[in-house]
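Each chain is listed here by its residues.
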Amino acid sequence: RSLAGSAAGDLPGPLGQIPGARPTADTTLELRLGSDKGLLILVGSITILRTRRGRLTGWLTVLRDVTAPQRAAERLAASEARLSALVGAMPDLIVTISADGRILDFRPPRLDPPPFLREHMLGRQIEQALPPHAAAQTREAIGRVGAVGDVTVYEYSLEYGPARRTLEARMVRLDADELLIILR
C-alpha cells in the first residue's frame, strides 16, 4: 500500500508519531545484491517525510524480496522459448481445438504447407473445416481421448495439394477445454 500523500498521523508505527510529518516524494528502486548464495533481487520504494515547512523529518523504506518470482519468470521465459523453437522445427501440422470442436490455433509445417489457409481454419468447427469423413473421425477421437496427457491416434485421407495423403493424427488433451492434434 502506498502511503504517499498520507498525513503523519496516518503512518504506521513510530512514523505516525512525528508531528507535522508528511510524505513528499516516492522513489522506486531495484537492488541486485550478489552473495555466496547467489543473486538477491529486492524491489522497493523510499518515501521522504517532510514537515509542512519542508524540513526533513525522516523517510519510509519498503523492500520486497522478488528473487524467487524473478527467477521463476526467467525460467518460464526460457522454457517458452525452447518450446517455441521445438514446435517451429516440427515438420507436422499442429492444431489446437476446443472440447466442442472449434479450431483455436492452426500451425502449418513450414516446409510443406497445406493447400488451405490458416485464416480459413481459425474459429471454425471441425465440420466446417474438414471433409465429412475426417471431421467424423476427429469428433469420435474427441470422445475417446481421456485425461490430460492421454494420446488417441487415428488416421484419415485428405486431398493435400495435388495428391491424396493419409494423415496420422495424434490427439492429446491439454486441459479440460483444449485438445492438441499433431498431423503427419
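As the structure is a prediction and not an experimental result, all values here were calculated from the model. (Residues numbered from 1 in each chain as written. Predicted model: local features only at pLDDT ≥ 70, side-chain atom pairs only at ≥ 80, totals over all residues. Heavy atoms only, no water.)

It is worth spelling out the overall build of the protein at this point. Across its full length, the protein carries four helices and eight strands. Ordering the α and β elements of the protein from the N terminus gives β-β-β-α-β-β-α-α-α-β-β-β. Sorting the 184 residues of the protein into buried and exposed places 30% on the buried side. A sequence separation of at least 24 residues applies to 37% of the contacts in the protein between residues at least 6 apart. Summing over all exposed atoms, the protein offers an accessible surface of approximately 11800 Å²; the carbon and sulfur share of this is 55%. (Helix = DSSP H or I, 4+ residues; strand = E, 2+ residues; numbered from the N terminus. Buried < 20%, exposed > 50% of the residue type's maximum accessible area, 1.4 Å probe, protein only. Contact = heavy atoms within 4.5 Å. Areas by Shrake-Rupley, 256 points an atom, 1.4 Å probe, with all protein chains shown as cover.)

We now examine the nonpolar core. By size, the foremost hydrophobic cluster in this structure holds 22 residues, and its most contacted members are Val95, Ile97, Tyr156, Met171, Ile181 and Leu183. By residue number, the principal contributor to this core is helix H4 (residues 132-144), which donates four residues. Excluding residues that lie within four positions of it along the chain, Leu183 makes contacts with Asp92, Leu93, Val95, Tyr156, Leu167, Glu168 and Ala169. (Core = buried A, V, L, I, M, F, W, Y, C linked by side-chain atoms within 4.5 Å.)

Moving on, we get to empty space enclosed by the protein. Scanning the entire structure with this criterion turns up one cavity of 30 Å³ or more. The computed volume of the largest cavity comes to approximately 130 Å³. As for the largest cavity, its lining consists of 17 residues, of which Val95, Leu130, Tyr156, Ile181 and Leu183 are closest to the centre. Elements supplying a minimum of two residues to the lining of the largest cavity: strand E4 (93-98), strand E5 (103-107), strand E6 (151-160), strand E7 (163-173) and strand E8 (178-183). (1 Å grid on protein atoms, 1.4 Å probe; cavity = no way out; pocket = protein on both sides within 12 Å on 5 of 7 lines; lining within 4 Å. Points joined across faces, edges and corners; volume = space filled by probe spheres on them.)

Of the residues in the protein, 80% reach a pLDDT of 70 or more, and the chain-wide mean stands at 81. When mean pLDDT is taken per element in the protein, E8 scores highest with 94 and strand E1 (residues 22-35) scores lowest with 69. (pLDDT = per-residue confidence, 0-100.)

In this structure the tally under the stated criterion is five salt bridges. Here Arg107 and Asp105 are joined by a salt bridge, their closest N and O atoms 3.1 Å apart. Note that Glu127 and Arg139 form a salt bridge whose closest N and O atoms lie 2.9 Å from each other. Of this pair, Glu127 sits in helix H3 (residues 126-129) while Arg139 sits in helix H4, and the two are twelve residues apart along the sequence. Residue class for Arg139 comes out partly exposed when judged on its relative accessible area of 29%. (Salt bridge = Lys/Arg side-chain N within 4 Å of Asp/Glu carboxyl O.)

The next point concerns the side chain of Arg173. Inspection of the secondary structure assignment puts Arg173 in strand E7. One buried charged residue, Arg173, forms no salt bridge at all, with the nearest opposite charge on Asp175 at 6.5 Å. At 3.5 Å, the side chain of Arg173 and the backbone oxygen of Ala176 are in polar contact. Those residues in contact with Arg173 that lie beyond four places of it in its chain are Ile142, Val145, Gly146, Ala147, Val148, Gly149, Asp150, Glu178 and Leu179. (Lys, Arg positive; Asp, Glu negative; His and termini not counted. Polar contact = N/O pair within 3.5 Å; in protein donor to acceptor, adjacent residues only side chain to side chain.)

Right, let's talk about the layout of surface pockets for a bit. Approximately 410 Å³ is the volume attributed to the largest pocket. Top contributing element to the lining of the largest pocket by residue count: helix H1 (residues 67-89), with seven residues. Taken together, the residues of the lining of the largest pocket break down into ten nonpolar, four polar and five charged. (Nonpolar A, V, L, I, M, F, W, Y, C, P; charged D, E, K, R; others polar.)

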